[in-house]
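Residue-level listing of the chains:
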Amino acid sequence: AKGFSHQFWQAVKAGAEEAAARNGVTITFEGPNTEAEIDKQTDILNAAIAKNPQGIGFAALDSQAQVPALQKAADAGIPIVAFDSGVDSDLPLTTCTTDNVNAAGAAADKLAEAIGGEGEVAAQIHDQTSATGIGRRDGFLNRMKEKYPKITVVVVKYANDALKSADDIKATLQAFPNLKGIFASNEGAAIGLAVAIKETGAKIVGVGYDSGKSQKDAINDGTLIGSISQNPVGIGKCVVESLAKALKGEKLEKIIDTGYVWYDKT
């Protein structure tokens, strides 16, 4: 996995374990402590490949940097399934993922609607190296550009945890006093957004992504208006089920869309 610090990954793990029990396979679920540790994740991947498993599920922190390690797995005949965040390579048999571009576009629609279709907004994105970070950023920016000519995205910042995101957003609020809304692209960024809004008392519209407890609390108390939720349990199931099928020689679709929903206080 990409990390353990977010409830999202615990939900992916639960889905993977459920599918493992159902398919009669044994799994390990590993990852770095945080989603900023690309080198650590590569080390974990190499160690996993060295154990010569019958299959590997991999969520890349960097869509390019870890392709050489995956090539080693492919050369050893180990089937690979990408999940959550894919890689710039044909090595994975399939990728179990949210359509991040469309999902972030839906977040843009909700933010635009809430601010009346005009004004200044910003984006707080979790990284600029993973397929999820790039997809959510581009999905949000492109939807705003295509559909809302009176909305200007004044700044895009990147941070992988709640603390750094909160600091980034406070700086953004100071630099752009007319800001009407902010989109935060994952659980950490969304928690940081909620903290920044509470601590500064800013009267802006906050839209998140993912669905950990802190984020749901912030939606229930009105700090954020709503969020996009992926289907993390479904992603975990998809990985293990796809690898089980691959071991039986079944063909897999290149992308398996695991879906998303918009949720708010209601």
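Criteria and thresholds
Residues numbered from 1 in each chain as written. Predicted model: local features only at pLDDT ≥ 70, side-chain atom pairs only at ≥ 80, totals over all residues. Heavy atoms only, no water. Pairing = 2+ DSSP bridges. Helix = DSSP H or I, 4+ residues; strand = E, 2+ residues; numbered from the N terminus. Axes fitted to C-alpha atoms, helices over the stretch in contact; angles between N-to-C directions. Contact = heavy atoms within 4.5 Å. Phe/Tyr/Trp six-rings, centres within 6.5 Å; stacked < 30°, edge-to-face > 60°. Buried < 20%, exposed > 50% of the residue type's maximum accessible area, 1.4 Å probe, protein only. Parallel < 35°, antiparallel > 145°, perpendicular 65-115°, else oblique. Left-handed = near helix turned anticlockwise from the far one by under 90°.

### Some points on the sheet that holds strand β5 (residues 151-158)
Then step 1. Sheet architecture is open: six strands sit in the order β5-β4-β6-β7-β8-β10, paired in mixed fashion. Pairing within the sheet leaves two strands with one partner each, and these edge strands are β5 and β10 (261-264). Averaged over all neighbouring strand pairs, the angle between strand axes comes to 20°, with direction disregarded.
Then step 2. Alignment of strand β7 (residues 205-209) against strand β8 (residues 226-229), held across three bridges, turns out to be parallel. Bridge pairing in β8 places tyrosine 209 opposite isoleucine 228.
Then step 3. Lying over the sheet, helix α4 (residues 100-114) contacts β4 (119-125), β5, β6 (179-184), β7, β8 and β10, oriented at roughly 165° with respect to β7.
Then step 4. Along the sheet face, helix α6 (residues 162-175) touches β4, β5 and β6 and points at about 145° away from the line of β5.

### Some words on the sheet that holds strand β1 (residues 56-58)
Then step 1. The four strands lie next to each other as β1-β2-β3-β9, forming an open sheet whose pairing is parallel. Each edge of the open sheet is held by one strand with a lone partner, namely β1 and β9 (255-257). Neighbouring strand axes in the sheet, compared pairwise and without regard to direction, differ in orientation by 20° on average.
Then step 2. Helix-sheet contacts for helix α9 (residues 232-247) involve β1, β2 (80-83), β3 (94-97) and β9, and the interaxial angle to β2 is about 170°.

### What about the environment of leucine 91?
Then step 1. In this structure, leucine 91 sits in the loop between β2 and β3.
Then step 2. Leucine 91 sits 24 residues away from valine 67 along the chain, and the two C-alpha atoms are 8.3 Å apart.
Then step 3. With residues near it in sequence (within four places) discarded, leucine 91 still touches Val67, Leu70, Gln71, Ala74 and Ile80.

### Points about the packing of aromatic side chains
Then step 1. Counted by the stated rule, this structure contains five aromatic pairs.
Then step 2. Aromatic pair phenylalanine 8 and tryptophan 9: ring centres 4.9 Å apart, planes at 90°, arrangement edge-to-face.
Then step 3. Aromatic pair phenylalanine 183 and tyrosine 209: ring centres 6.4 Å apart, planes at 65°, arrangement edge-to-face. Remark: tyrosine 209 occurs in strand β7 and phenylalanine 183 occurs in strand β6; sequence separation between them is 26 residues. Side by side, phenylalanine 183 and tyrosine 209 carry an identical accessibility label, which is buried.
Then step 4. Among the aromatic residues, those joined into a ring-pair cluster are Phe8, Trp9 and Phe83.

### Remarks on the packing of α4 against helix α5 (residues 131-147)
Then step 1. One way to put it is that α4 packs onto α5 with a least axis distance of 7 Å and a crossing angle of 45°. Taken together, the axes of α4 and α5 lie oblique to each other. Remark: the crossing between α4 and α5 carries right-handed chirality. Here α4 contributes Asn100, Val101, Asn102, Ala104, Gly105, Ala106, Ala108, Asp109, Leu111 and Ala112 to the contact with α5, which in turn contributes Thr132, Gly135, Arg136, Gly139, Phe140, Arg143, Met144 and Lys147.

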